[in-house]
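Summary of structural features
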Amino acid sequence: MNAANKKINFYFWAQLITYHLSLITQKMRQQIVAGNWKMNKTLDEGTELIKSVLEKLEQRPRGPVVFATPFPFLLAAAKILKVRKGFYLAAQNCHHEEKGAYTGEVSVDMLSSVGAEYVIIGHSERRQYFKETNEQLAKKVNLALGKGLLPIFCCGEPLDIREKGTHVGYVAKQLKASLFHLPTAEFRKVVIAYEPIWAIGTGRTASTEQAQEMHAAIRVLLAKKYGKDVADGTSILYGGSCNAQNAPDLFRQPDVDGGLIGGASLKADDFVAIVNAMK
Ligand code: PEP
């Protein structure tokens, strides 16, 4: 082999190895379906619901399925879920301080000690009714990641902002304020849920075009901050009146990576149909 051929050969192998290494290190994003039960169900009703979903889903789902139960059910839910691959447990909230004199609150350590793997942070109901601020949410994100819990970070605009057409900037501000301090390795663990407030619990879903537009805009924002690999590897869920009928169309959008489901996660058949809508 002459010198020129050797050189070509070397570049060929170097490129092939680099390509395969990039495939290994690149986190491919996954579709996720998470059910947010909010303040619904009793312990018996909740455990029945989980058992019924597991029974109806005989095959392993195409992506992670997460149950965000109320705090008092986490331990019981963890026991049922730990024997099935592909199913995970989430808390709906955590406190922004590590521990201490915060009567009635629940810490990240407590959540992981009962088996929670994810935690929803910044749901619009927490922002609205409990006046949670971007700064507190940033602290919650830090604590969760520090203790090995994966944040499902919610963002989304109210109706007046949507009507003014400034929704992309509004959501960008929320993400920058509570997530963009994270170093890349930590940011990679975050799941984002875009939930337009006007669509939550109202029966008024964002159209597939509206969802796709915002999800794509979020991904562009992530690419600018963390690079294309990270942006492409981040799961961005849609939430807001997602149900068994509209989930297939929503999940088919290129930048919609599953859903955060409220009302429709409370009925086994509906939730199973949504899980089955994952691409
Ligand atoms: C939610 O609470 O996160 C949610 C999306 O609710 P719903 O599906 O009921 O609109």
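Residues numbered from 1 in each chain as written. Predicted model: local features only at pLDDT ≥ 70, side-chain atom pairs only at ≥ 80, totals over all residues. Heavy atoms only, no water.

1. So, the site of the ligand
For the ligand, the set of nearby residues contains 14 residues, the closest of which are Lys38, Glu195, Gly201, Ser241 and Gly263. Asn36 places a polar side-chain atom, nitrogen or oxygen, 3.4 Å from an oxygen atom of the ligand. Here an oxygen atom of the ligand and a side-chain polar atom of Glu195 are 2.7 Å apart. Protein coverage of the free-state accessible area of the ligand, which is 290 Å², stands at 96%. Split into classes, the residues belonging to the shell around the ligand amount to four nonpolar, eight polar and two charged. (Near = heavy atom within 4 Å. Polar contact = N/O pair within 3.5 Å; in protein donor to acceptor, adjacent residues only side chain to side chain. Areas by Shrake-Rupley, 256 points an atom, 1.4 Å probe, with all protein chains shown as cover. Nonpolar A, V, L, I, M, F, W, Y, C, P; charged D, E, K, R; others polar.)

2. Some points on the pairing of strand E4 (residues 118-121)
Of the two faces of E4, both are covered, the one formed by Tyr118 and Ile120 as well as the one formed by Val119 and Ile121. Both strand E3 (residues 87-91) and E4 contribute to a ladder of two bridges, which runs parallel. Within E4, the position partnered with Ala90 by the bridge is Tyr118. Regarding the hand of the β-α-β motif, the stretch spanning E3, helix H4 (residues 108-113) and E4 is right-handed. Where E4 lies against strand E5 (residues 150-155), four bridges are found, and the strand directions are parallel. The residue of E5 that forms the bridge with Val119 is Pro151. (Buried < 20%, exposed > 50% of the residue type's maximum accessible area, 1.4 Å probe, protein only. Helix = DSSP H or I, 4+ residues; strand = E, 2+ residues; numbered from the N terminus. Pairing = 2+ DSSP bridges. Right-handed = clockwise from strand over helix to strand, strands pointing away.)

3. A closer look at the environment of Tyr194
Positionally, Tyr194 belongs in strand E6 (residues 191-194). Spatially, the C-alpha atoms of Tyr194 and Glu125 are 14 Å apart, while their sequence positions differ by 69 residues. If sequence neighbours within four positions are ignored, Tyr194 has contacts with Cys155, Gly156, Glu157, Arg162, Val171, Met214, His215, Ile218, Leu237, Tyr238 and Gly239. For Tyr194, the side chain forms a polar contact with the side chain of Glu157, separated by 2.8 Å. (Contact = heavy atoms within 4.5 Å.)

4. Regarding the sheet that holds E3
In spatial order, the strands read E1-E2-E3-E4-E5-E6-E7-E8; together these eight strands close into a barrel with parallel pairing. Ignoring strand direction, the axes of neighbouring strands in this sheet form an average angle of 25°. Both E6 and strand E7 (residues 236-239) contribute to a ladder of three bridges, which runs parallel. Residue pairing across strands places Tyr194 opposite Tyr238, the latter belonging to E7. Here helix H8 (residues 167-179) sits on the sheet and contacts E5 and E6; the angle it forms with E5, its principal contact strand, is near 150°. Sitting on the sheet, helix H10 (residues 208-226) touches E5, E6 and E7, and the angle it makes with E7 is about 150°. (Axes fitted to C-alpha atoms, helices over the stretch in contact; angles between N-to-C directions.)

Remember that the coordinates give geometry; whether it matters functionally is a separate question.
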